[in-house]
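So you can see what is in the structure, the chains are spelled out below.
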Amino acid sequence: MPEMDAIPTLETRRLRLRSLTRADAPAVQRLAGAPEVADTTLNIPHPYADGLAEQWIAGRAEVARSGAGLTWAIVDRSSDALFGAISLIIAQPHQHAELGYWIGLPFWGCGYITEAATAVLGHGFGALGLHRIHAHHFARNPASGRVMQKIGMVREGCLRQHIRKGDRFEDIVCYGILRQEWEAAVTR
Ligand SMILES: CC(C)(COP(=O)(O)OP(=O)(O)OC[C@H]1O[C@@H](n2cnc3c(N)ncnc32)[C@H](O)[C@@H]1OP(=O)(O)O)[C@@H](O)C(=O)NCCC(=O)NCCS
């Protein structure tokens, strides 16, 4: 697989997916710091402490340098305003990656994640030569499941009470798409 020492900028109709910079930290803290965003994600804490966004951005750059994953800021193509973030966590030996994403509450329901994830799938199966991309969501977060369906992923199963979030055990719904399914969809 190709070297991934940089995060390529991806363009869609309304969005630019670019590397996160330290200047994005205040917007990351404000948007990811909303309880609604933390509620259905595994790794976003609430409350979102000062300094955490800077730490997270630096950590994502380090992961990109190591080849273990890519995280993009999702920004408005014309204003560069930050909407959210999207990532691929890559397992090179298996040529597969896990897709993850969040979008700030003011921007929910605009189709931004679907648009961003479609571009990231294209990059994963195209430039990165991945064989499979998978994702999962809390069963109580059907909007995320709908996004996975809209980008062509197939529901593969449910891991019952697999994750502990706070004081509850969460059912996790798993989705995936194989290279040949993606190729068939884009050439259709
Ligand atoms: C999940 C999340 C990324 C969706 O972002 P979004 O920008 O609203 O997504 P989109 O607009 O691209 O698509 C949402 C789809 O879900 C649908 N949807 C919304 N609420 C729904 C619900 N309760 N049940 C079923 N579908 C729902 C929308 O109608 C839309 O589908 P449509 O285009 O067919 O109408 C966003 O809510 C978010 O960031 N949540 C917090 C973090 C998170 O949960 N991340 C994902 C972890 S797996």
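Residues numbered from 1 in each chain as written. Predicted model: local features only at pLDDT ≥ 70, side-chain atom pairs only at ≥ 80, totals over all residues. Heavy atoms only, no water.

### Details of the sheet that holds strand S5 (residues 96-103)
- The sheet built from eight strands is open, its strands ordered S1-S2-S3-S4-S5-S6-S8-S7 with mixed pairing. In this open sheet, the two edge strands, each paired with only one partner strand, are strand S1 (10-11) and strand S7 (154-165).
- The pairing of S7 with strand S8 (residues 168-178) spans eight bridges and is antiparallel. Along S8, the bridge assignment pairs Arg155 with Tyr175.
- Against the sheet, helix H1 (residues 25-32) touches strand S4 (82-91) and S5, its axis set at about 90 degrees to S4. (Pairing = 2+ DSSP bridges. Helix = DSSP H or I, 4+ residues; strand = E, 2+ residues; numbered from the N terminus. Contact = heavy atoms within 4.5 Å. Axes fitted to C-alpha atoms, helices over the stretch in contact; angles between N-to-C directions.)

### Details of the pattern of salt bridges
- The final tally for this structure, using the stated rule, is 11 salt bridges.
- A salt bridge links Glu115 to Arg14; its shortest N-O distance comes to 2.7 Å. Note that Glu115 is positioned in helix H4 (residues 112-125) and Arg14 in the loop between S1 and strand S2 (15-19), a separation of 101 residues in sequence.
- Arg140 is paired through a salt bridge with Glu170; the nearest N and O atoms lie 2.8 Å apart. In this pair, Arg140 is assigned in the loop between strand S6 (132-138) and helix H5 (142-150) and Glu170 in strand S8, connecting sequence segments 30 residues apart.
- Accessibility expressed as a relative area gives 3% for Glu170, which makes it buried.
- One salt-bridge network, in which partners are shared between bridges, spans Asp39, Arg140, Arg168 and Glu170. (Salt bridge = Lys/Arg side-chain N within 4 Å of Asp/Glu carboxyl O. Buried < 20%, exposed > 50% of the residue type's maximum accessible area, 1.4 Å probe, protein only.)

### Things to note about H1
- Those residues of H1 that sit buried are Ala25, Ala27, Val28, Leu31 and Ala32. One side of H1 carries all its buried residues, which in axial view fall inside an arc of 160 degrees. With respect to the buried face of H1, the exposed residues turned more than 90 degrees away are Pro26 and Arg30.
- If you follow the buried residues of H1, they end up packed against helix H2 (35-39), helix H3 (52-66), S4 and S5. (Arc of directions from axis to C-beta.)

### Section: the side chain of Arg18
- Tracing the sequence through the fold places Arg18 in strand S2.
- In this structure Arg18 touches Thr9, Asp24, Thr71, Trp72, Ala73, Val75 and Asp80, once residues within four positions along its chain are discounted.

### Digging into unusual backbone geometry
- The step from His46 to Pro47 runs through a cis peptide bond, and the omega angle for that step is 0 degrees.
- Inspection of the secondary structure assignment puts Pro47 in the loop between H2 and H3.
- Phi at Gln95 is positive, roughly 50 degrees, even though this residue is not glycine.
- Relative to the assigned elements, Gln95 resides in the loop between S4 and S5.
- With a phi close to 50 degrees, Gln161 is a non-glycine residue in the positive phi region.

### Concerning the side chain of Thr12
- Looking at where Thr12 falls in the secondary structure, it is placed in the loop between S1 and S2.
- Overall, Thr12 belongs to the buried group, its relative accessible area being 10%.
- The residues touching Thr12, leaving out its near neighbours within four places in the chain, are Arg77, Glu115 and Ala119.

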